[in-house]
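# Descriptive structure summary
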Amino acid sequence: MTYRSDNHVALENDGPRLDIVEKVTGKARFTTDYYLPQMLWAAYIICDYGDAHVRKSNIGAARAVKGVLEVQIDKQDGQYHGDRLGHICAESRQALERGLAALDLKFRIRNPKTRLEDERTPRDKLTPAQNDAEAQKALKESALAAEAEFQTQVQTHVALEPHGCVVDYRGDSAVAYGSTQSNIAFRNDLARELKLRQDQVEFHCEYVGGGFGAKFGCDSEGVLAAKLSKKYSRPCRVIRTRKQEHLDTGNRPGSIQYMRIGLSRDGKMRGGKIATWGSVGPTGGGQASAGGGGGGGVRNPSRYNFGAIAKVHEDVSLNGGYPRAMRAPGNPQAMFAIELMMDHLAEKAGKDPLEFRLLNETSDIRREMLKVGAELIGWSHRKPNGTTHGPIKRGLGVGVADWGNGRGNATIGINVYRDGTVEVLSGAQDIGTGYRTMIGDVVRTHLGLPRELLVVKVGRSDYPEGPASGGSMTSRATAPKGFMAADLAREGIRRLVAKEWGIQKVDDIALENGVFKAGGKSMDWAKACRLMMRDRLSFSSAEDGQYWKTPTGSEAVQFADVSVDTETGIIRVNKVVALQNVGLPVNRNTIENQICGAVIQGLSFCLFEDRILNRQTGAMVNPNMDMYKIAGPVDVPEIVPIIWREDRDVGVNSLGEPPVIPTPGAIATAVANAIGTQVRSMPLTPDKVLAAIASVGPAARKAKAP
Amino acid sequence: MNSFDYLVAEQFDAAVAEYGRGTAALKAGGIDLLDLMKEGIDSPSTVLSIGELGEFRYIRDENDGVHIGCLTTLADIGRSKLLKIKYPVLHHAAAEAATPQIRERATIAGNLCQRPRCWYFRQREFHCLKKGGATCFAVDGENRYHAIFGGGPSYIVHPSNIAPALVALDAVIHVRSTDKENEPIKAADFFVLPEQSLKTENVLKPGQIISEVVLPQAPTQSATIELREKQSFDWPVTMACVARLDGGWRVCLGSVAPIPWLSRPAMEVLANKDITPELAAAAGEAAVKGADPLADNEYKVQLVKVATKRALLTAAGLEVPRWN
Amino acid sequence: MQRDNGSKPDGVSRRQFLQGAGGAAAGSMLLGLSQSSHGEQPATGVTARSGVRQYAASGSVVTLQINGSPAQLTITPETTLLQALRELLNLTGAKEVCDRGACGACTVLLDGRSVNSCMMLAIDAVGHKVTTIEGLAKDGKLDPVQRAFVDHDACQCGYCIPGFVVRSRALLNETPAAKSDTIRHGLSGNICRCAAYQRIFAAVEAAAKGGLK
């Protein structure tokens, strides 16, 4: 055995991402950066209110604006703020803006449904779950039971690059640029819209400014850009405004979660009832109970062993924009409720919350992670709820998560050029996770070559097939193919060396640190490549082969340390310890960056973000980036990312979603520990914190006294 | 934005004359006006810029007080050692307002004259009372950030961070127009409640331009406390600015009323006493007198108590709760 | 086109710079669209009345100093600096994200200080030196702030990063030895939705310690 057929990629890579220079110099070209000659500008005309009818429009005036090519209203009724009523197309941005201003739509507003709590079917009116009797029995047999209701708000994705597409239709072909998590789906959708074959559409998404689950397929932006580019035989650009991003490009649905859980005397959960409600768009949602897609589902129960649970769920239609998958759909909001419920139950059972979790944990790995994390955050110093001294109180909390890791389709291509350059090609897109770097590091370290020899090209439809970047799929689907393709490339060049050296058995030649060696002879990679006497050798693999390895559960455990100013209700997160199982780690930088980013997004969701619909009109009052509050630099805590137990016997697993799941639960339980009572509604804003404190304060106790 | 003719003043007198014609919207740094124009809330056909009049960008310590030129940016105030040392109440309010980038362009005069940040006012979808409509949507709508003092018929809160500091300092705002070379207006008299005027938030009449702000007297003690949901760029949900002038205390609250809210009940409690923790708390309790919260903003009553108390403690150099 | 950054980390600025300068001509042509929609001749700012210069709604010729070179543009008054840079000069590093000065993605330097180019009229930049992300690298070498961002992998999707780099540059111009707290507050006008903050803070701290040569 002269080379390791096993991969040896594990944390040896800590170089910065491959495209970092392009990104820090402004050279990286995103979809929005394409301004093509003769380009048309188009946009959707949207409904301004939750449930409204267009009573007046000035289409004539809009069409009369110089530079406006067409204005079309397709429907007079809108069901949510942002609902697409028609479109406008113009020669320039200015003409587009002026045309929209001239249109001056006036609406008659009906009675919009804006609040989940008002529109849901009451729990006792919901059809009971099939196993309701079983859960009833478990509750009856329980020594203790507790119930609580939790609420989470609607969160919008706010990818910094808006949804958008630039299409350049050229008769028998088209070149297009789109901001997407799915290169292939976007290309296919465009081909269909343009009535072209799939190969006739050259699609680019080399750089994507974030997605978070809201960017699959060519979407309404691609449809409009394709239609108009074809109609006018000119490039057409459709980029959403920030306001429209909040209104009409997806959201994490709001939820209400009721839980009643019974415990046995030893503190184990026996079972109980869970009812969840999720907010969806005006005509309903997609999947129901488990979360994801366009549905309002909540993944509650999950992670802990709850016993026999009877679960009912209702998707509740509101006059608000439709949900879309958002980073671990259905999960962070579930774990907010679940972790608070776990603490609530632990208190009932007279147990430490950590001890209670260990008792009811379903995963051995996570049990171990809980113990290690507890040590890192200093759990042994945790004070009883609400007992730290002074008006600014401190608390510790905990949250957990996991994620499924199945196989996925992908092909990795490698071209080895005569000058030694190794070109890695993948049609998958790098939406900011560092995919480009991950696949490059897989190939490079597997071959043992210096970074200088490597070029990685991703995000074009004419590159080998890549998966959609959703469900934390990209790395785990592509990495095994990367190893396989690297094996083929090594084999190919080694044959040239074997021939040159007159060696029969290629296995006798080793490739180490970029140098082929056998029997005292050596030849470096670049020199070996010059033996090929042709332009390049091409290799590819669509197979996982021996490199598909037992997946992990992407287990995650987070501990939060918070301070709460009990006089103002303002919360600051001091520190988060985030343990994350990633399977086989590839690049330390990108992994740690993902974990920390997810924690901050979870924090932002827990404390600040909120899509607020005005109850009179159904219009969102904060479709911007100032009143829609997103955690910024000063809100960021110290974060300790821990890559859990590097393991060469498991595959490269998912990372995008799992670390965002535990954070809201960890922070919310820490806040409860600090102030001595739970805030059961997100976001945890000062008004709610103060109200919770007041509900258990001296005045409240006095009021409750007989 | 709509299209407009753009006039750029090269002399202040010319700007006053031009503005006096009554045809142009006035612009200094442009932060507020551009925001309104981008949303289509304002669409002037002519815009007059005074932004190039660099000679009106100054902070000068003179015999009759500190003079701050109308085009002095919030960043300039933030950089001023003089203000930092002698007028911490103003320095803090300006240095923490908005974002570092905004502060480079936003001027003191523009900040005082900015329109409300109310989410109904700022969006074209809401034809609210302040825009000539019939409804203040805050009354029955989403009102967590709205006024608890001085509201009705509109419940906006005044958006300026520095206005409460200037009121606390008893600053004087100097105004020029073609009619009057110089009209001094006390900061406390500069802002008007919705019951007096819905179309504007201050006493400026068409054609009047702020030329400078004068701080007649350095406080012996002063401080600003801002309470925000987010610590990065956010508007305070409640602010308290306190200053001690001639021995007596002035307390002005921000983000709780349609104008910077001079809290006379708190000032009466304080009179010209030295601050003790008990007195600061009593002033905080007094400061909420007359509060009339809406459905979702009662928490601001508590915040007013705390902000007032902590501002006084800070000004007096006494201990306030600190983040660990 | 992904080139491993280990290969030629600094060989990036010159071409970008030239691209920007070359874009100026294209800029005027592009704006031909808006001229034709008004059918009027553009004119440079003219004296309307004594002491007042006028730029007509139909457009005027102005010269901006961008990254050390003059760029002559024909623009209408409502054109923001960001639009001029992106749409007319092909300097697309600065991004339009919130379009209201809340996120910092459009940050450029105006005489060395950071401003939101989305909240500023292009005409107001006349007579000032504008530096964009494309103009930070000098003589083919990354600015020390850029270098520090590279070394710390201070980025995820990268859409906000030009804004962060430019703002960090301004912050260190003013506070060369900025420490953690100053850096956080100094960057509070920028939003990174991927939240690569840990790395960004580390990069700016390192740049500050490195003395910004």
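Remember, it's a predicted structure, so these values are computed and weren't measured experimentally. (Residues numbered from 1 in each chain as written. Chains lettered and ligands numbered in written order. Predicted model: local features only at pLDDT ≥ 70, side-chain atom pairs only at ≥ 80, totals over all residues.)

### Regarding the overall build of chain A
Each helix and strand counted, chain A has 18 helices and 27 strands in total. Here chain A has a C-alpha radius of gyration of 28 Å; the compact-globule value for 706 residues is 27 Å, and the two agree. Seen through its principal axes, chain A has C-alpha atoms that stretch 100 × 70 × 50 Å. The burial tally for chain A puts 63% of its 706 residues in the buried class. (Helix = DSSP H or I, 4+ residues; strand = E, 2+ residues; numbered from the N terminus. Rg over C-alpha atoms; globule rule 2.2 N^0.38 Å. Buried ≥ 20, exposed ≤ 12 C-beta atoms within 10 Å, placed from the backbone.)

### Brief notes about the overall build of chain B
When its secondary structure is counted, chain B shows 12 helices and 12 strands. Radius of gyration (C-alpha) of chain B: 19 Å, near the 20 Å computed for a compact globule of 324 residues. For the C-alpha atoms alone, the extent of chain B along its principal axes is close to 60 × 50 × 35 Å. Here chain B, with 324 residues, has 61% of them falling under the buried criterion.

### Focus on the interface of chain C and chain B
On the chain B side, the residues contacting the 33 residues of chain C number 28 residues. Looking at the side of chain C that touches chain B, the elements that each hand over two or more residues are β1 (46-49), β2 (52-55) and β6 (113-116) of chain C. Considered class by class, the residues forming the side of chain C that touches chain B number 12 nonpolar, 13 polar and 8 charged. Pairing of strand β1 (residues 5-9) of chain B with β2 of chain C, which is carried by 4 bridges, proceeds in the antiparallel orientation. Looking across to β2 of chain C, one finds that Val-8 of chain B is bridged to Arg-53 of chain C. (Contact = placed C-beta atoms within 7 Å. Nonpolar A, V, L, I, M, F, W, Y, C, P; charged D, E, K, R; others polar. Pairing = 2+ DSSP bridges.)

### What to know about the pairing of strand β9 (residues 164-169) of chain A
All names here are of chain A. Across the 6 residues of β9, 6 count as buried, placing the element largely inside the fold. As judged from the 4 bridges shared by β9 and strand β12 (residues 236-239), these two strands associate in the antiparallel manner. Bridge pairing in β12 places Val-166 opposite Arg-237. A loop of 4 residues connects β9 with strand β10 (residues 174-178), the two strands running antiparallel in sequence, and Gly-171 in this loop sits at a positive phi of about 85 degrees.

### With respect to the interface of chain C and chain A
With 55 residues of chain C in contact, the opposing surface of chain A contributes 57 residues. Taken together, the elements giving at least two residues each to the side of chain C that touches chain A come down to α1 (13-38), α3 (144-151), α4 (161-174), α5 (180-186) and α6 (197-209) of chain C. Ranked by residue count, the leading element in the side of chain C that touches chain A is α1 of chain C, at 6 residues. Residues belonging to the side of chain C that touches chain A are distributed by class as follows: 26 nonpolar, 18 polar and 11 charged.

### Structural notes on the sheet that holds strand β21 (residues 510-512) of chain A
Residue and element names in this part refer to chain A. One open sheet accounts for 3 strands, arranged β21-β22-β23; its pairing is antiparallel. A strand with exactly one partner marks an edge of an open sheet, and here the two such strands are β21 and β23 (521-524). With direction set aside, neighbouring strand axes in the sheet form an average angle of 25 degrees. Direction of pairing for β21 relative to strand β22 (residues 515-518): antiparallel, over a ladder of 3 bridges. Counterpart to Glu-512 in the pairing with β22 is Val-515. Together, β21, β22 and β23 form the strand contacts of helix α13 (residues 474-501), whose direction differs from that of β22 by roughly 50 degrees. (Axes fitted to C-alpha atoms, helices over the stretch in contact; angles between N-to-C directions.)

### A closer look at helix α6 (residues 183-194) of chain A
Helical geometry: 3.6 residues make up each α-helical turn, so side chains three or four residues apart lie on a common side. All names here are of chain A. Across its 12 residues, α6 extends 16 Å between first and last C-alpha, which sits within 8% of the 16 Å expected from 1.5 Å per residue. Counted residue by residue, α6 has 9 buried out of 12 residues, so it is predominantly covered. Here α6 has its buried residues at Asn-183, Ile-184, Phe-186, Arg-187, Asp-189, Leu-190, Ala-191, Glu-193 and Leu-194. In this fold, the buried residues of α6 make contact with β9, β10, β11 (201-204) and α7 (219-232). Taken from the residues just after α6, Lys-195 is the one with a positive phi, measuring 55 degrees. (Expected span 1.5 Å × (residues − 1).)

### Digging into helix α11 (residues 277-287) of chain B
Looking only at α11 of chain B, the buried set comprises Ala-280, Ala-283, Gly-284 and Ala-287 of chain B. Projected down its long axis, α11 of chain B carries its buried residues within an arc of 105 degrees, all on one side. (Arc of directions from axis to C-beta.)

### Structural notes on the sheet that holds strand β4 (residues 69-75) of chain C
Residues and elements named next belong to chain C. Spatially, the 5 strands line up as an open sheet ordered β4-β3-β7-β5-β6, and their pairing is mixed. The open sheet terminates on both sides in strands that have one partner only, identified here as β4 and β6. Taken over all neighbouring pairs, the strand axes of this sheet differ in orientation by 45 degrees on average, direction set aside. The strands touched by α4 are β5 (107-110) and β6; relative to β5, the strand with the most contacts, the crossing angle is about 35 degrees.

### Concerning the nonpolar core
Core analysis: the biggest nonpolar cluster contains 348 residues, and Val-671 of chain A together with Val-242 of chain B have the highest contact counts within it. Looking at this core element by element, the count peaks at 11 residues for helix α9 (residues 332-349) of chain A. Counting 45 residues, the second-largest nonpolar core is a separate cluster that includes Val-416, Leu-453, Trp-525 and Ala-528 of chain A. (Core = buried A, V, L, I, M, F, W, Y, C linked by C-beta atoms within 7 Å.)

### Some details on the environment of Arg-436 of chain A
Residue position: Arg-436 of chain A is located in helix α12 (residues 435-447). Each C-alpha atom, one on Arg-436 of chain A and one on Ser-142 of chain A, is 52 Å from the other, the two residues being 294 residues apart in sequence.

### A short note on the packing of helix α15 (residues 588-607) of chain A against helix α16 (residues 663-675) of chain A
All names here are of chain A. Relative to each other, α15 and α16 sit at 55 degrees, their axes nearing to 8 Å. Here α15 is positioned oblique relative to α16, judged by the angle of their axes. α16 is crossed by α15, and the crossing has right-handed handedness. Seen from α15, the contacting residues are Val-599, Gly-602, Leu-603, Phe-605 and Cys-606; seen from α16, they are Thr-663, Pro-664, Ile-667 and Ala-668. (Parallel < 35°, antiparallel > 145°, perpendicular 65-115°, else oblique. Left-handed = near helix turned anticlockwise from the far one by under 90°.)

### Things to note about the confidence of the model for chain A
All names here are of chain A. Mean pLDDT for chain A: 94, with 96% of residues reaching 70 or above. Residue range residues 1-5 is modelled with pLDDT below 50. Its contacts to residues more than four positions away, or to other chains, number 7 contacts. For residues 287-292, every residue scores under 50 in pLDDT, and the model assigns this stretch 24 contacts once sequence neighbours within four places are set aside. (pLDDT = per-residue confidence, 0-100.)

### Here we look at unusual backbone geometry
Note: most peptide bonds trans; most residues except glycine with negative phi. Following Met-682 of chain A, the chain continues into Pro-683 of chain A via a peptide bond in cis, with omega recorded as -10 degrees. With respect to the secondary-structure elements, Pro-683 of chain A resides in the loop between α16 and α17 (686-696). Residue Pro-153 of chain B follows Gly-152 of chain B across a cis peptide bond; omega there is 0 degrees. Mapped onto the secondary structure, Pro-153 of chain B falls in the loop between α7 (108-113) and α8 (162-168). Positive phi, normally seen in glycine, also occurs at Phe-212 of chain A, with a value near 60 degrees. Mapped onto the fold, Phe-212 of chain A is located in the loop between β11 and α7. For Phe-212 of chain A, a count of 28 C-beta atoms within 10 Å gives the class buried.

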